[in-house]
Amino acid sequence: VLSATATLDFPSTATGVQNTLTITVTGASVGDTVCLGVPDGSSNTGGVFDAWVSATNTVTVRFTNPTLVAINPASGTFRATIIIF
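(A) Structural detail: the sheet that holds strand β2 (residues 18–24). The three strands lie next to each other as β2-β5-β4, forming an open sheet whose pairing is antiparallel. Among the strands making up the open sheet, the edge pair consists of β2 and β4 (48–55). The sheet shows a mean angle of 25° between the axes of neighbouring strands, direction not considered. Here seven bridges tie β2 to strand β5 (residues 58–64), and the two strands are oriented antiparallel to one another. If you follow Gln18 over to β5, its bridge partner there is Thr64.

What follows is the structure, given as structure tokens:
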């Protein structure tokens, strides 16, 4: 198991738009399983966070807004945990 945290501050996200930020997780490889810990204050009704290893040592975290209004997630400390089988 590999794990790292980063403070992520997603911008205000318009309806139907996605924004991405990254967390460095040393030892992560493309295809590894990612579990994402989202801080309670950053959670928004209707907004969706997901994450994947996009390059060696890099986890990309995406915020998607499928609602009909803009959402501005609060800045917070996110945790990316890599599970290696």
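Moving on from the coordinates now.
(B) Just the packing of aromatic side chains, in detail. According to the stated counting rule, one finds five aromatic pairs in the structure shown. With centroids separated by 5.6 Å and ring planes inclined at 65°, the aromatic side chains of Phe10 and Phe49 adopt a geometry described as edge-to-face. One end of the pair, Phe10, is in the loop between β1 (2–8) and β2; the other, Phe49, is in strand β4, and 39 residues separate them in sequence. Of the two residues, Phe10 and Phe49, neither departs from the other in class, the shared state being buried. Relative accessible area serves as the criterion here: at 2%, Phe10 is assigned to the buried category. A connected cluster of aromatic rings, assembled from ring pairs, spans Phe10, Phe49, Phe63 and Phe78.

(C) Representation of unusual backbone geometry within the structure. A positive phi angle, near 70°, is found at Asn57, a position not held by glycine. For Asn57, the position within the fold is in the loop between β4 and β5.

What counts as what
- Within every chain, residues take consecutive numbers counted from 1 along the sequence as written.
- Local features in this predicted model are restricted to residues of pLDDT 70 or higher, and side-chain atom pairs are both shown and tallied only at a pLDDT of 80 or more, whereas totals for entire chains, interfaces and linings draw on every residue.
- Side-chain measures here rest on the full set of heavy atoms in the structure, leaving out hydrogens and waters.
- When DSSP locates at least two bridges between a pair of strands, those strands are taken to pair.
- Helix and strand labels come from DSSP, where a helix needs a run of H or I of at least four residues and a strand needs a run of E of at least two; each type is numbered from the N terminus.
- Angles shown run from 0 to 180 degrees and are taken between the N-to-C directions of axes, each axis being a line fitted to C-alpha atoms and, for helices, limited to the stretch in contact.
- Aromatic contacts are taken between Phe, Tyr and Trp rings whose centres are within 6.5 Å, Trp giving its six-membered ring; a plane angle under 30 degrees counts as stacked, one over 60 as edge-to-face, and the others as tilted.
- Residue exposure (1.4 Å probe, protein chains only): buried if accessible area is under 20% of the type maximum, exposed if over 50%, otherwise partly exposed.

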